[in-house]
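Residues per chain are reported as follows:
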Amino acid sequence: MGRKSSHLFFFILVGACFFLASCSRMGWGVLLWSTEDPPIPSGTILPVYIRSNIDRVWVVGIPEGYKTSRGGLDKIEIPLTQLELVGSKGKARKQAETFAQYAPVYAQNLQDGLPIRDAPDNGARRVYRLRSGEIIKILERTDGVPAISATGEPLPGDWYKVLTGDGAVGYCFSYRLRLFDHYGGPLEAVTSVREEAVSDPDLDMVLTRVWSPESYGQMFNSRRIDVRELERHWGFDPGQDTGVARIRLPDLERSFEYTSIRSEGERAWRFEGSSLQMNLRTNSSLAVQYIESSGGMRTILFIALPADIDDLIMQENIRREGLFASIYNHGPVFTSNNYGTIIFSENGGFQWTGNDLLVPHVIPQNTTGRGRVSMNLFLTASFEDRYTGACTFYFQDIRRDETPVYFMYTQDFQGLRLEAAPDFTIEGTTVTRRSSSPVVIYFFRDEMY
C-alpha cells in the first residue's frame, strides 16, 4: 500500500471512529517526546488506538484541553519511538510517575559528532552521531563508567539514556550537552544552527579505534610485551565524548579542547578551536600534528593494534605464569653448596637463605631473603638457544620496599642454573649481552620435595 493510500485509510478510519464515537483502544501509553500541534507535553498519558507499522506511527487520542487547535479532531499520529505503550491506564500512571522527573528535560548538543553509545561507557559501541545543535530527549539518568578529563580526573557530568528525534536510543555523557526544560509546542535550538550530517566512513573508523604509540606495535610484532607499559594505556584519544582530545605518552601529556572535527581533504581532519590535526596514513596508522609553544609543528605517529590491549596483557600474564610454573614444578626447592637454598612458592614467591657470598655484589644489602619472582624479561635472539629464559627476583628489604635483581636461567634434568644479569646488560625488557665476568650459580633439585 502506497503512502497516499495509507494516509487515506487513516483518515477514513479516524473519521469512522469519530462519527461512530466508538473505536477500541489497544491500551494506554506514556508520551516520551512532546507534540507541537496540539502542544502536548512529554510524560502525558494517552489512549492508544492503532499501531501502523507501515507509517511507523501510533494513532492516539488527544486529551481534553488540547483539542481546540485541531479543528474538532480528537486523534493524532505520533512516531512509534516517541511513545511507550504500557498497557492498562493504571500501569501507564505508574510509568508516568517514574518518568515525571525527566519528562520535561531535553538537551541541546554543543559538539558536532558527539556520539550516542549502546552502554554508558566511552568504550561502548557508537549507535548514533549527533549534529551540532541537535535536540535530544533525556529519558533517565544512569550510572556508568566516568568520562576522564585530560588531567586524569573524572569530567563533570552524568550519563543519560536519551532519544533522538529520528528514533535512535542510547547513552550520552552530558559534558557537551545543554539541558533545558520544555513543556510542549515547537521545539527549536536556541543557539546553534543545525547542520546536515555528512557521512565520513574514514572518520568513523578513526573515532572508533584505539590509537597506541608505535612502541606498542613494536612490542606486539616482536612478542616482547611490557605489561607495565600496556597497563598505562599510552596513546591518542580523539575525545569524541568530551570535546577534549588527549595525547598521553611517557614524555608528553597534552590536551586540546575543540568544538568539531572538520575535513581537511582526503583522510585528513582539523580539530576546530585548536591547533590539532590528524591524517590517516593507512587503516592502522594515524599521524597527529599540533603546534608547539615554540611555534613549530610536531608530528606523532600512532597505530591501531590488531588485538585488544587488555587481551594482550592477559595473554602475556598467562605466558609468564606458565614459565614460572615450569620452574616451580621442577623444584620447588633448589640447593647450592655455596649459595644457599631457594624455595619457590606456588603463588610466585621465593625464600632464599644462605646467600651471603652474593651480598652485596649481586644481592643488595638489607634485603630479607624473601620476595617474588616475575618472568618479565626476554632474551636477545642470540641467547635463546643457550638459556631457557630470564627473570627478575624482587627482594623485599628491611623497609618493605622491593629491590630487583635480574637473572638469566637454564633448566636441566638435575636442577637450575642462574646467571646474574647486571643493569647494563638489559635494554628495556631484553637481556642483550652477558657481563664480562658473569656470576653463574648452579642449584640442584632437592629430591626430598
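Residues numbered from 1 in each chain as written. Predicted model: local features only at pLDDT ≥ 70, side-chain atom pairs only at ≥ 80, totals over all residues. Heavy atoms only, no water.

A. Focus on the overall build of the protein chain. Helix and strand counts for the protein chain stand at 6 helices and 31 strands. Within the protein chain, buried positions represent 46% of all 449 residues. Total accessible area computed for the protein chain in this model is approximately 23,100 Å², and 49% of it derives from carbon and sulfur atoms. (Helix = DSSP H or I, 4+ residues; strand = E, 2+ residues; numbered from the N terminus. Buried < 20%, exposed > 50% of the residue type's maximum accessible area, 1.4 Å probe, protein only. Areas by Shrake-Rupley, 256 points an atom, 1.4 Å probe, with all protein chains shown as cover.)

B. Representation of unusual backbone geometry within the structure. Following Gly331, the chain continues into Pro332 via a peptide bond in cis, with omega recorded as 5 degrees. Within the secondary structure layout, Pro332 lies in the loop between helix H6 (309–330) and strand E22 (333–336). Non-glycine residue His233 carries a positive phi angle of around 50 degrees. By the secondary structure assignment, His233 is in the loop between helix H5 (227–231) and strand E14 (235–237). With relative accessibility at 39%, the residue His233 sits in the partly exposed group. Look at Asn366: it is not a glycine, yet its phi comes out positive at around 65 degrees.

C. Structural detail: helix H4 (residues 214–222). Of all the residues in H4, the buried ones are Tyr216, Gly217, Met219 and Phe220. Take H4 and look down its axis: the buried residues cluster within an arc of 160 degrees, on one side only. Pointing more than 90 degrees away from the buried face of H4 are the exposed residues Gln218 and Asn221. Contact partners of the buried residues in H4: strand E13 (212–213), H5, strand E21 (297–303) and H6. Positioned one or two residues after H4, Arg223 has a phi angle of 60 degrees, which is positive. (Arc of directions from axis to C-beta. Contact = heavy atoms within 4.5 Å.)

D. The packing of aromatic side chains, seen in detail. Scanning the entire structure with this criterion turns up 22 aromatic pairs. Consider the rings of Trp352 and Phe395, whose centres lie 6.0 Å apart with planes at 35 degrees: the pair is tilted. One end of the pair, Trp352, is in strand E24 (residues 349–353); the other, Phe395, is in strand E26 (residues 389–397), with 43 residues separating them in the sequence. Each of the two residues, Trp352 as well as Phe395, counts as buried. (Phe/Tyr/Trp six-rings, centres within 6.5 Å; stacked < 30°, edge-to-face > 60°.)

E. Quick look at the environment of Arg370. Assignment of secondary structure puts Arg370 in strand E25 (residues 367–379). Taking the relative accessible area as the measure of exposure, Arg370 reaches 45% and is therefore partly exposed. Residues Arg370 and Tyr394 lie 24 residues apart in sequence; the distance between their C-alpha atoms is 8.3 Å. Each residue touching Arg370, except ones within four places of it in the same chain, is listed here: Phe350, Gln351, Tyr394, Phe395 and Gln396.

F. Focus on the sheet that holds strand E5 (residues 83–87). Strands sit in the order E4-E3-E2-E1-E5 across an open sheet of 5 strands; the sheet is antiparallel. The two strands at the open ends of the sheet, each matched to only one other strand, are strand E4 (75–79) and E5. On average, adjacent strands in this sheet sit at an angle of 45 degrees to one another, irrespective of strand direction. Of the strand pairs in this sheet, strand E1 (residues 27–31) and strand E2 (residues 45–52) are connected by 4 bridges, and their pairing is antiparallel. Paired with Gly29 across the bridge in E2 is Leu46. Contacting E1, E2 and E5, helix H2 (residues 89–99) crosses the sheet at an angle of about 10 degrees to E1. (Pairing = 2+ DSSP bridges. Axes fitted to C-alpha atoms, helices over the stretch in contact; angles between N-to-C directions.)

G. The arrangement of the environment of Gly239 in detail. Secondary-structure assignment places Gly239 in the loop between E14 and strand E15 (244–249). In this structure, the C-alpha to C-alpha distance between Gly239 and Leu207, residues 32 residues apart in sequence, is 8.3 Å. When sequence neighbours within four positions are dropped, the list of residues in contact with Gly239 reads Gln111, Val244, Ala245 and Tyr258.

H. Quick look at the environment of Ile148. The residue Ile148 is located in the loop between strand E9 (135–142) and strand E10 (159–164) in this model. Along the sequence, Ile148 and Thr242 sit 94 residues apart, while their C-alpha atoms lie 8.6 Å from each other.

I. Main features of the sheet that holds E13. Pairing within the open sheet is antiparallel, and its 6 strands lie in the order E13-E21-E20-E19-E18-E17. In this open sheet, the two edge strands, each paired with only one partner strand, are E13 and strand E17 (260–263). Sheet topology note: the E17/strand E18 (residues 268–272) ladder contains 4 bridges and is antiparallel. Within E18, the residue paired with Ile261 across the bridge is Phe271. The sheet contacts of helix H3 (residues 201–208) involve E17, E18, strand E19 (277–282) and strand E20 (285–291), and relative to E19 the element is tilted by about 100 degrees.

J. Up close: the pattern of salt bridges. As enumerated under the stated definition, the model contains 21 salt bridges in all. Residues Asp204 and Arg129 are paired through a salt bridge, measuring 3.0 Å at the closest nitrogen-oxygen approach. Of this pair, Asp204 sits in helix H3 while Arg129 sits in strand E8 (residues 126–129), and the two are 75 residues apart along the sequence. Overall, Asp204 belongs to the partly exposed group, its relative accessible area being 22%. A salt bridge links Arg141 to Asp158, with the shortest nitrogen-to-oxygen separation between them at 3.7 Å. Here Asp158 lies in the loop between E9 and E10 and Arg141 lies in strand E9, a separation of 17 residues in the sequence. On the basis of relative accessibility, which here comes to 29%, the residue Asp158 falls in the partly exposed class. (Salt bridge = Lys/Arg side-chain N within 4 Å of Asp/Glu carboxyl O.)

Spatial relationships are all this shows, so hold off on functional conclusions.
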